[in-house]
Amino acid sequence: MKAIRLKQEQQFFSIKSYQKLWQLKTAIHQLNILNANNLQLSVLGKLNQNAVLKSSQNEQANTELNQNLKTIFGVKTDFATFNNPEIGTLFITGTVVSHFLQDMYGSKQLGEFPSGPYGILRGLGISEKNTYNCLQDLNNNYFLLIIRCQKHELKFVNELLQ
């Protein structure tokens, strides 16, 4: 009996920081023009909470952000928020939502642990230096665009977003 060997191309992650929502929209629009079949996008960001928000205000901010991101992605996408003790309230949308919301020990989600976002980004293959820089940007209210693509697409993606 002959064994069949399936060859699956390895996926790579790239991450870019954007200070303004319009910059993020432009980058996503450019990536959509690239029309790569296996391109998967996610956005990680901090909910802007300069002051402690009432529960209803927080819910309204979540709803508005969720709607805005759905118009950016142009498709139905997952959206979730979670509270990280070191960074604050974060949102995640796109294909890596499940990584951040992974239940740990039945009580907390992985993203809620102090080192959660760092560990997740490192686990995706982002270098230590890039992860550190991205988490600093996240603390400064930047949006992080997380891009998953195949190796042959990575060069084009990075060139396009320079």
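This write-up is about the structure you can find in this document.

Analysis parameters
- Residues numbered from 1 in each chain as written.
- Predicted model: local features only at pLDDT ≥ 70, side-chain atom pairs only at ≥ 80, totals over all residues.
- Heavy atoms only, no water.
- Helix = DSSP H or I, 4+ residues; strand = E, 2+ residues; numbered from the N terminus.
- Buried < 20%, exposed > 50% of the residue type's maximum accessible area, 1.4 Å probe, protein only.
- Contact = heavy atoms within 4.5 Å.
- Pairing = 2+ DSSP bridges.
- Axes fitted to C-alpha atoms, helices over the stretch in contact; angles between N-to-C directions.
- Core = buried A, V, L, I, M, F, W, Y, C linked by side-chain atoms within 4.5 Å.
- Phe/Tyr/Trp six-rings, centres within 6.5 Å; stacked < 30°, edge-to-face > 60°.
- Lys NZ or Arg CZ within 6 Å of the ring centre and 35° of its normal.
- Patch = residues over 30% accessible without salt bridge, like charges linked within 9 Å, V, L, I, M, F, W, Y side chains within 5 Å.
- Areas by Shrake-Rupley, 256 points an atom, 1.4 Å probe, with all protein chains shown as cover.
- Salt bridge = Lys/Arg side-chain N within 4 Å of Asp/Glu carboxyl O.
- Expected span 1.5 Å × (residues − 1).
- Arc of directions from axis to C-beta.
- Polar contact = N/O pair within 3.5 Å; in protein donor to acceptor, adjacent residues only side chain to side chain.
- Parallel < 35°, antiparallel > 145°, perpendicular 65-115°, else oblique.
- Left-handed = near helix turned anticlockwise from the far one by under 90°.

A few words on the overall build of the protein. In terms of helices and strands, the protein carries six helices and seven strands. For the protein, the N- to C-terminal ordering of α and β elements is β-α-β-α-β-β-α-β-β-α-α-β-α. Evaluated residue by residue, the protein yields a buried proportion of 37% over its 162 residues. Taking the contacts inside the protein whose residues are at least 6 apart along the sequence as the reference set, 68% of them involve residues at least 24 apart.

Right, let's get into the sheet that holds strand S1 (residues 11–18). The strands making up a sheet associate through backbone hydrogen bonding, with each pair oriented either parallel or antiparallel. Taken in spatial order, the five strands line up as S1-S7-S2-S4-S3 in an open sheet, and their pairing is antiparallel. In this open sheet, the two edge strands, each paired with only one partner strand, are S1 and strand S3 (79–84). When strand polarity is set aside, the average angle formed by the axes of neighbouring strands in this sheet is 20°. Judged from the five bridges that link them, strand S2 (residues 40–46) and strand S7 (residues 143–150) form a sheet pairing that is antiparallel.

Counting residues in hydrophobic clusters, the biggest one holds 21 residues, and the most contacted among them are Leu 24, Ile 28, Leu 31, Leu 41, Val 43, Leu 145 and Ile 147. Where this core is concerned, the elements lending two or more residues are helix H1 (21–34), S2, helix H2 (55–73), S7 and helix H6 (151–160). Setting aside anything within four residues of it in sequence, one finds Val 43 in contact with Leu 24, Ile 28, Phe 73, Phe 91, Ile 92, Thr 93, Phe 143, Leu 144 and Leu 145.

A few words on the packing of aromatic side chains. For the coordinates displayed, the defined rule picks out three aromatic pairs. Ring geometry for Phe 79 versus Phe 91: centroids 5.9 Å apart, planes at 20°, classification stacked. Here Phe 79 is found in strand S3, whereas its partner Phe 91 is found in strand S4 (residues 88–94), with twelve residues between them in sequence. Overall, Phe 91 belongs to the buried group, its relative accessible area being 1%. Among the aromatic side chains, those forming a connected cluster through ring pairs are Phe 79, Phe 91 and Phe 143. Between the NZ or CZ atom of Lys 108 and the centre of the ring of Phe 113, over which it lies, the distance is 5.4 Å.

Together, Leu 34, Phe 156 and Leu 160 make up an exposed nonpolar region whose accessible area comes to about 240 Å². Inspection of the secondary structure assignment puts Leu 34 in helix H1.

Located in the positive-phi region is Asn 141, a residue other than glycine, with phi close to 65°. Following the sequence through the fold, Asn 141 ends up in the loop between helix H5 (128–139) and S7. A relative accessible area of 33% places Asn 141 in the partly exposed class.

The next subject is H1. Because an α-helix packs 3.6 residues into every turn, residues spaced three or four apart end up facing the same way. Its 14 residues place the ends of H1 20 Å apart at the C-alpha level, agreeing with the 20 Å of an ideal helix rising 1.5 Å per residue. Among the residues of H1, those classed as buried are Leu 24, Ala 27, Ile 28 and Leu 31. Axial view of H1: buried residues confined to an arc of 95°, hence all on one face. Exposed and oriented more than 90 degrees from the buried face of H1 are Trp 22, His 29 and Ile 33.

Glancing now at the side chain of Thr 93. Within the element layout of this structure, Thr 93 appears in strand S4. Here the side chain of Thr 93 touches Asp 78 through a polar contact of 2.5 Å, landing on its backbone oxygen. Those residues in contact with Thr 93, other than ones at most four positions away along the chain, are Leu 41, Ser 42, Val 43, Leu 69, Phe 73, Thr 77, Asp 78 and Phe 79.

Before going further, it helps to spend a moment on the packing of helix H4 (residues 116–123) against H5. Packing of H4 against H5 leaves a shortest axis separation of 10 Å and a crossing angle of 140°. Here H4 is positioned oblique relative to H5, judged by the angle of their axes. By crossing handedness, the relation of H4 to H5 is classed as right-handed. Residues Pro 117, Tyr 118, Leu 121 and Arg 122 of H4 touch H5, and the partners they reach there are Glu 128, Thr 131 and Leu 135.

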